[in-house]
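# Structural overview
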Amino acid sequence: MQRTTTGTRRRTLATGAATTLALLALAACSGGDDAAGGDDASSGGTVTLVTHDSFAVSDEVLAAFEEESGLTVEQVAPGDGGALVNQLILTKESPLGDVVFGIDNTFASRAIDEGVLDPYTPAGLSDSAASYAVGDGGELTAIDLGDVCVNVDHAWFDEAGVPEPVTLDDLTRPEYEDLLVVTNPATSSPGLAFLLATVGAFGEDGFEDYWADLRANGVKVVDGWSDAYYVDFSGSEGAGPRPLVLSYSTSPAFTLTEDGTASTTGALLDTCFRQVEYAGVLANAKNPEGAQQLLDFLVSEPFQADVPGQMYMYPADDSVALPDGWAEFAPLADEPFEVAPEDVSAHRDEWIKAWTATVVD
């Protein structure tokens, strides 16, 4: 089965109590176990990567790194994007591993402020990756990026004789009533990114009114990306009833026609928020030297070139060649909406609460 577009960008932000307890128990056990690095750190040993559950790398690319470094990479996936940060905070005195991948720009400030990371600038960091730095402490390094955007089913609109929407404002118009499905920002990282797009577009004083208009126009809200894209969206394999869905600008690169000359879907590039994913060395890591080597690997050309095909995101190193068709079918937005990381950190919870009161309650 093909891995879902852009991984599980669908990432649930909530984690059940049972999962939390299990991870805390794992962290407690790892505190006295040299298997996660420990005494072997100076001679390779094991380095543990803590990541969200849509991390992927080609077997041969990872094997080449392990052979060259003498390290064995183990992975721990405590959940989806926001849950990852929550677990890092809960276990920071006895962390689940040595290095983390998958903290995005909606949660980066929180991770830094909570002290779960040690500063480290990897060798060979590209200028383009460095341009996505959060703060000036060097705790997080950009690894990949992608634009969260509304996607459209071309065939549906052609058959209905309705022009496709272009802007966020268009989505509130009566001709698009009951056509859009999005994900909940309290349970989905693309949902949170789209909420931030509306904050960037309409301001702190205007985004609630915009969402009230979307609600009045019949927007459907689901918890996760997979349900939105594969169940409700008419342009996916599930052939759902709604021809507008919240997804990624890269998604159309994976809905190509059989001859590869066109895509059956498109991304509305005037609706986007840019999501950047970071990696960093965990404070109190058992194998900090191995963590630094692994972070060096994540910014290296072999891993960066592997990112598009494995995680359907853009590599942070913009000198890396992209797959055929990406320039045409998976472009990034020229001017994605932006919200300063410090504003996200300060207002994230209140914006989600306001959104919930406006759209769900």
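Residues numbered from 1 in each chain as written. Predicted model: local features only at pLDDT ≥ 70, side-chain atom pairs only at ≥ 80, totals over all residues. Heavy atoms only, no water.

## Examining the overall build of the protein
Threshold: Secondary structure counts use DSSP, requiring at least four H or I residues in a row for a helix and at least two E residues in a row for a strand, with both numbered from the N terminus. Burial classes: relative accessible area under 20% of the type maximum marks a residue as buried, over 50% as exposed, and values in between as partly exposed (1.4 Å probe, protein chains only). Values of accessible area rely on a 1.4 Å probe in the Shrake-Rupley scheme; residue burial ignores everything except the protein chains shown.
Regarding its fold elements, the protein presents 13 helices and eleven strands. Burial analysis of the protein (361 residues in total) assigns 55% to the buried set. Accessible area for the protein stands at about 14400 Å²; split by element, carbon and sulfur atoms hold 48% of it.

## Brief notes about the packing of helix α7 (residues 189-202) against helix α13 (residues 341-359)
Counted only if it meets this: Axis definition: a line fit to C-alpha positions, over the contact stretch in the case of helices; interaxial angles, taken between N-to-C directions, run 0 to 180 degrees. Roughly parallel means an angle under 35 degrees; roughly antiparallel, over 145; roughly perpendicular, 65 to 115; everything else is oblique. Contact criterion: two residues are considered in contact whenever any of their non-hydrogen atoms come within 4.5 Å of each other. Residues are grouped as follows: nonpolar covers Ala, Val, Leu, Ile, Met, Phe, Trp, Tyr, Cys and Pro; charged covers Asp, Glu, Lys and Arg; every other residue, Gly included, is treated as polar.
Relative to each other, α7 and α13 sit at 100°, their axes nearing to 11 Å. As summarised for this structure, α7 and α13 are arranged roughly perpendicular, according to the angle between their axes. For the pair α7 and α13, contact is made by Leu192, Leu195, Leu196 and Val199 and by Val344, Arg348, Trp351, Ile352 and Trp355, respectively. The residue inventory of the contact of α7 with α13, partitioned by class, reads eight nonpolar, no polar and one charged.

## Some remarks on α13
Rules: The angle between axes fitted to the seven-residue stretch ending at a residue and the seven-residue stretch beginning at it gives the bend at that residue.
In the structure, α13 departs most strongly from a straight axis at His347, where the bend amounts to approximately 60°. Looking only at α13, the buried set comprises Val344, Arg348, Trp351, Ile352, Ala354, Trp355, Thr358 and Val359. In this fold, the buried residues of α13 make contact with α4 (108-113), α7, α8 (207-216) and β7 (220-222).

## Concerning the state of the cysteines
Spelled out, the test is: Counting rule for disulfides: a pair of cysteine sulfur atoms within 2.5 Å.
All told, the structure shown has one disulfide when counted by the stated rule. Disulfide pairing is shown between Cys149 and Cys272; the S-S distance is 2.0 Å. Measuring handedness by torsion sign, the sulfur bridge of Cys149 and Cys272 sits at about 110° and is right-handed. Of this pair, Cys149 sits in strand β5 (residues 141-153) while Cys272 is found in the loop between β9 (265-267) and β10 (273-282), placing the two residues 123 residues apart along the sequence. Assessed through its relative accessible area of 0%, Cys149 is described here as buried. Cys272 gets classed as buried once you look at its relative accessible area, which sits at 0%.

## What about the packing of aromatic side chains?
Here is the rule we go by: Between 30 and 60 degrees the pair is tilted, below 30 it is stacked and above 60 it is edge-to-face, where a pair is any two Phe, Tyr or Trp rings, Trp via its six-membered ring, whose centres lie within 6.5 Å. Charge-over-ring contacts are defined here by two conditions on Lys NZ or Arg CZ: a distance within 6 Å of the ring centre and an angle within 35 degrees of the ring normal.
Following the criterion strictly, the structure yields 18 aromatic pairs and no others. Considering the side-chain rings of Phe55 and Phe303, the 6.1 Å spacing of their centres and the 10° angle between planes classify their relative orientation as stacked. Remark: Phe303 occurs in helix α11 (residues 301-311) and Phe55 occurs in the loop between β1 (45-52) and α2 (59-69); sequence separation between them is 248 residues. By relative accessible area, Phe55 is classed as buried at 12%. By relative accessible area, which is 1% here, Phe303 ends up buried. Between Trp225 and Tyr230 the ring centres are 5.5 Å apart and the planes differ by 85°, which places this aromatic pair in the edge-to-face class. By relative accessible area, Tyr230 is classed as buried at 18%. Here a set of aromatic residues connected by ring pairs shows up, and it is made of Phe55, Phe65, Phe101, Phe297 and Phe303. Above the face of the Phe107 ring, Arg348 is positioned so that its terminal group lies 4.5 Å from the ring centre.

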